[in-house]
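# Working through the structure, step by step
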Amino acid sequence: MNIRQIALLRAMSVSTLEKLVTPKGIYASTAQGKAGMYYAFFGRDTAITAYLISQAENMGKKFRFMDYSTDALLSLMNWQSKKDDPANGQEIGKFAHEVRTDRQYYLHLTEDLIRQGQKSWYVDPADQALKNWDTNDATQLWVIVVSRLYERKKINLNKDILSALKLALIWCLRNMREHDGLAGYSYNPRRYWSGLINHTWKDSEYSYLHENGRKPEHPLKDVFVNALTWSALRYGSKIFANFDRPFSQLLDLKAHQLKNRFNDLKYGFLMKMSDDTYYFAEAIDKHGNKLTATSCDSALCLWAYCGNESIIETRYIKSVVKRVMRKDMFDEEAGIRTYSSEGDAYDPIAYHRGPNTFWPFVSALIADGLNNFGYGYETKKILKAMIIGIQKFNSCIEMFVKNGDSYNKFREPSTGQLSSTDQAWTAAALYYASSYFHP
């Protein structure tokens, strides 16, 4: 991969980011596709995109997008919930999953659902924006990224930001308290307004399955969400040590308890594999049963670091890295698979669960996490592979499918929906990777 190729890829990432990183916020994708399906502000996408941009510009020192992305990150405070409302999923301190302010790009969603005899999405009468709070990770992601940018002196903590941070962290503690000491979520089919079944980055209906193909019962505790919660608590403890010592100590205690539970072989996510190595379950269901399919999420947990520490105990990190770099999880010409190609339980639609589906932002976050723990060789391999996959489509594609030597856009069978071609977190991942190879 030569400098000219890297320059062209960076130019493509910059061109896409220029469309999506705006003074109003970061759009998850352009208005292309099915009536602007992701032409909206998403809490999860905004935080991840802003972080990858900061990583790229920290290496490149050009600061092309830093101001807008930081403003977009902080603008999410406008949609942090200030009340509990079971009808639409609001909980005090929780950050929104999705906010659509462009009426022409959400009207079809509510109208189509009503025509089909289903519930409508919630449209706030106060500002006529469609809002959804079905996320178990956007709040923690916001805390983590704000904290990391604060450490880099890209954000100054004022009264409003500190208040939002405290509310967010109190929500994290509440969420753990309501789910037996772990971060978790439930789907409520009786809710007045329509909502999502799954509240993680894998938010499609069949993204969580037991190995026998059975859907797990909620509440569900996702491994990556719990790593994010630990990281948010640890960062919060560091920040509030200067502002609220008792609160800081409480956060530190809860982070310690969460880490102990997380690494417990019986009650946590830890799994001993047949070859005597260790990996982590992707989730735990209502009955305490582990979802044992090998997923990328255990490796994603290494991105949720705080300094030189992870929720994964140090003695297990090497095992996780080795497992995710095996050929059933890592493709040298595509990146990290969502699930092992040697598994059995797959979503027939395969948006999230297919054995040959690749999400570039996942590869970028895993690479960033591995790099933090000194795995530079693996970091380069993953980022190079991710770039090769993106190059096949000549766009910052949302996700793609690779079977053998064949690369294809994902296509949803019943609706014909294709992978978005201009996705913000893919553009930011490519921006980061190109800066990594040629600052």
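First, a word on scope: everything that follows refers to the structure included in this document. The model shown is predicted, which means the values in this text are computed figures rather than measured ones.

## Structural notes on the environment of Arg 10
Here Arg 10 is to be found in helix 1 (residues 3-20). Separated by 428 residues in sequence, Arg 10 and His 438 place their C-alpha atoms 9.7 Å apart. Not counting residues up to four positions away in its chain, the partners in contact with Arg 10 are Lys 62, Tyr 431, Ser 434, Ser 435, His 438 and Pro 439.

## A short note on the pairing of strand 6 (residues 129-132)
What you see with strand 6 is no split at all: Ala 129 and Lys 131 on one side and Leu 130 and Asn 132 on the other are buried throughout. Across three bridges, strand 4 (residues 98-100) lies against strand 6 in antiparallel orientation. Across the sheet, residue Val 99 finds its bridge partner in strand 6, namely Lys 131. In terms of strand pairing, strand 5 (residues 123-124) meets strand 6 through two bridges, oriented antiparallel. Looking at the pairing, Asp 124 lines up with Ala 129 of strand 6.

## Observations concerning the state of the cysteines
Counted under the stated rule, the structure contains zero disulfides. Looking at the unpaired Cys 172, the closest cysteine sulfur is the one in Cys 306, lying at 13 Å. Left without a disulfide partner, Cys 396 is nearest to the cysteine sulfur of Cys 296, which lies 20 Å away.

## Regarding unusual backbone geometry
Look at the link from His 218 to Pro 219: it is a cis peptide, with omega at 5°. Here Pro 219 shows up in the loop between helix 6 (159-178) and strand 7 (221-222). A positive phi is found at Asp 180, a non-glycine position, where the angle reads about 60°. For Asp 180, the location among the structural elements is in the loop between helix 6 and strand 7.

## What about the packing of helix 11 (residues 360-372) against helix 12 (residues 376-391)?
The relative placement of two packed helices comes down to the angle between their axes together with the axis-to-axis distance. For the pair helix 11 and helix 12, interaxial distance at closest approach is 8 Å and the crossing angle is 165°. By the angle class used here, helix 11 and helix 12 are roughly antiparallel. Regarding helix 11 and helix 12, the two cross each other, and that crossing is left-handed. On helix 12, the residues touching Pro 360, Ser 363, Ala 364, Ile 366, Ala 367, Leu 370 and Asn 371 of helix 11 are Gly 376, Glu 378, Thr 379, Ile 382, Leu 383, Met 386 and Ile 390.

## Describing the sheet that holds strand 11 (residues 290-291)
The three strands lie next to each other as 7-10-11, forming an open sheet whose pairing is antiparallel. Looking along the sheet, the strands with just one partner apiece sit at the ends: strand 7 and strand 11. The pairing of strand 10 (residues 283-284) with strand 11 spans two bridges and is antiparallel. Note that in strand 11 the partner of Ala 283 across the bridge is Leu 291.

## Looking at the pattern of salt bridges
Where side chains of opposite charge bring their charged atoms close, a pairing between them can arise. The full count for this structure, using the stated rule, is 28 salt bridges. A salt bridge links Lys 215 to Glu 205, with the shortest nitrogen-to-oxygen separation between them at 3.2 Å. Residue Lys 215 is found in the loop between helix 6 and strand 7, and its partner Glu 205 is found in the loop between helix 6 and strand 7; the two are separated by ten residues along the sequence. By relative accessible area, Glu 205 is classed as partly exposed at 36%. Across the pair Arg 353 and Glu 282 runs a salt bridge, and its minimum N-O distance is 3.3 Å. Within this pair, whereas Arg 353 is found in the loop between strand 13 (335-336) and strand 14 (357-358), its partner Glu 282 is found in the loop between strand 9 (278-280) and strand 10, the two being separated by 71 residues in sequence. In the salt-bridge network here, residues are joined through shared partners; they are Lys 202, Glu 282, Asp 297 and Arg 353.

## With respect to the nonpolar core
Proteins that are soluble and globular tend to have nonpolar side chains buried together. One finds Trp 142, Leu 165, Trp 303 and Ile 312 to be the most contacted residues of the largest nonpolar core, which totals 128 residues. Excluding anything up to four places from it in sequence, Ile 312 contacts Lys 259, Phe 262, Asn 263, Phe 280, Ser 298, Cys 301, Leu 302, Ile 317 and Val 320.

## Digging into helix 6
Compared with the 28 Å implied by 1.5 Å per residue over 20 residues, the 29 Å span of helix 6 between its first and last C-alpha is a close match. Regarding helix 6, the residues found buried are Ile 161, Leu 162, Ala 164, Leu 165, Ala 168, Leu 169, Trp 171, Cys 172, Leu 173, Arg 174, Asn 175 and Met 176. Residues of helix 6 that are buried in the fold lie against helix 3 (66-75), helix 5 (138-151), helix 7 (223-240) and helix 8 (245-262). Two to three positions downstream of the cap, the backbone nitrogen of Asp 160 sits 3.1 Å from a side-chain oxygen, assigning the N-cap of helix 6 to Asn 158. Phi for Asp 180, located one or two positions after helix 6, is positive at around 60°.

Calculation rules
- Residues numbered from 1 in each chain as written.
- Predicted model: local features only at pLDDT ≥ 70, side-chain atom pairs only at ≥ 80, totals over all residues.
- Heavy atoms only, no water.
- Helix = DSSP H or I, 4+ residues; strand = E, 2+ residues; numbered from the N terminus.
- Contact = heavy atoms within 4.5 Å.
- Buried < 20%, exposed > 50% of the residue type's maximum accessible area, 1.4 Å probe, protein only.
- Pairing = 2+ DSSP bridges.
- Disulfide = S-S within 2.5 Å.
- Axes fitted to C-alpha atoms, helices over the stretch in contact; angles between N-to-C directions.
- Parallel < 35°, antiparallel > 145°, perpendicular 65-115°, else oblique.
- Left-handed = near helix turned anticlockwise from the far one by under 90°.
- Salt bridge = Lys/Arg side-chain N within 4 Å of Asp/Glu carboxyl O.
- Core = buried A, V, L, I, M, F, W, Y, C linked by side-chain atoms within 4.5 Å.
- Expected span 1.5 Å × (residues − 1).
- Polar contact = N/O pair within 3.5 Å; in protein donor to acceptor, adjacent residues only side chain to side chain.

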